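# Structure at a glance
Residue strings, one per chain:
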Amino acid sequence: MLFDQQGNFKIQQLFSYPNDNYQKLKAEALKCHRCQLRSEAKGVVMGEGNINNRIMLIGEGPGANEDRLGRPFVGRAGKLMDKILQAVNLKREELYITNVIKCRPPGNRVPHQNEFEACVSILRAEIELIKPKVIVTLGSTATKYLINPGKSITKVRGKWFKRGDIYFLPTFHPAYLLRNEKMKKYSWHDFKLIKKAADRIKELSSSG
């Protein structure tokens, strides 16, 4: 679990990345070879989007299309997420979208704990740089590694969790929704909450 109840980082990192300049962070992250995933993947897939609006969406890891194109959430699941965002009047470009791990696991399997620990320094630097007010964890893996290892996503989705100054909202990963279409209505509800949070952050920012 990355955060404790006070919002402090729990995992000791052996490596550090630039957390004050996104281009420097990305340049360093793309060089990573710290675990075996990099040897089987085409490359490191960094997050993308708006680093100033203070909302992050964090998924599990790159799939085949993401690995091929070097961008997060560009496969079928990503296209579905774009549709969900559009349905609640949010644009992908308004958010920062990334994954817990940055290299594709073989066969898109769930990343192992040691792989998460090898990659977490990059995610930590992303969070330190963006200073999010809201983090949306997409699916059980991101929820487990970031906030609550003991709860299933079906038990916690749609519920707010506060860790220090950050509010977390777990919801289903869009890849799960592709396999379970009847669950889309729950994600619709969750993304309406995200839209409200985005509007509130904008309101507070504009008022100083």
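## A word on the nonpolar core
In terms of nonpolar packing, the biggest core is built from 61 residues, with Leu57 and Leu146 touching the most fellow members. Not counting residues up to four positions away in its chain, the partners in contact with Leu146 are Met1, Leu2, Phe3, Ile58, Val100, Leu123, Ile135, Thr137 and Phe168.

## Quick word on unusual backbone geometry
Here Arg54, not a glycine, exhibits a phi torsion of approximately 65 degrees, which is positive. By secondary structure assignment, the location of Arg54 is in the loop between β1 (48-49) and β2 (55-59). By relative accessible area, Arg54 is classed as partly exposed at 29%.

## Observations concerning the side chain of Arg163
Mapped onto the secondary structure, Arg163 falls in strand β5 (residues 161-163). Comment: no salt bridge for buried Arg163; closest opposite-charge side chain is Asp4, at 7.0 Å. Within the local environment of Arg163, its side chain forms a polar contact with the side chain of Gln5, the two groups lying 3.3 Å apart. For Arg163, the contacting residues outside a window of four places in its chain are Phe3, Asp4, Gln5, Gln6, Gly7, Ile147 and Phe168.

## Description of the packing of aromatic side chains
On inspection of all chains with the given rule, the structure shows six aromatic pairs. Aromatic pair Phe3 and Phe9: ring centres 5.0 Å apart, planes at 35 degrees, arrangement tilted. We classify Phe3 as buried; its relative accessible area is 1%. Judged by its relative accessible area of 22%, Phe9 is partly exposed. Note on Tyr22 and Tyr96: the rings are 5.9 Å apart at their centroids and 80 degrees apart in plane angle, and the pair reads as edge-to-face.

## Describing the packing of helix α1 (residues 22-29) against helix α5 (residues 113-130)
Contact geometry of α1 with α5 gives a least axis separation of 11 Å together with a crossing angle of 175 degrees. In terms of orientation, α1 and α5 fall into the roughly antiparallel class. Of the residues in α5, those in contact with Tyr22, Leu25 and Ala29 of α1 are Ile122, Ala125, Glu126 and Leu129. In terms of residue class, the contact of α1 with α5 is built from six nonpolar, no polar and one charged.

## Some points on the sheet that holds strand β4 (residues 134-138)
On the basis of which strands lie adjacent, the open sheet formed by six strands has the order β1-β3-β2-β4-β6-β5 and mixed pairing. The sheet is open, and its two edges are formed by β1 and β5, each paired on a single side. By the bridge criterion, five bridges tie β4 to strand β6 (residues 166-171) in an arrangement that is parallel. Bridged to Leu138 within β6 is Thr171.

Basis of the calculations
Residues numbered from 1 in each chain as written. Predicted model: local features only at pLDDT ≥ 70, side-chain atom pairs only at ≥ 80, totals over all residues. Heavy atoms only, no water. Core = buried A, V, L, I, M, F, W, Y, C linked by side-chain atoms within 4.5 Å. Buried < 20%, exposed > 50% of the residue type's maximum accessible area, 1.4 Å probe, protein only. Contact = heavy atoms within 4.5 Å. Helix = DSSP H or I, 4+ residues; strand = E, 2+ residues; numbered from the N terminus. Lys, Arg positive; Asp, Glu negative; His and termini not counted. Salt bridge = Lys/Arg side-chain N within 4 Å of Asp/Glu carboxyl O. Polar contact = N/O pair within 3.5 Å; in protein donor to acceptor, adjacent residues only side chain to side chain. Phe/Tyr/Trp six-rings, centres within 6.5 Å; stacked < 30°, edge-to-face > 60°. Axes fitted to C-alpha atoms, helices over the stretch in contact; angles between N-to-C directions. Parallel < 35°, antiparallel > 145°, perpendicular 65-115°, else oblique. Nonpolar A, V, L, I, M, F, W, Y, C, P; charged D, E, K, R; others polar. Pairing = 2+ DSSP bridges.

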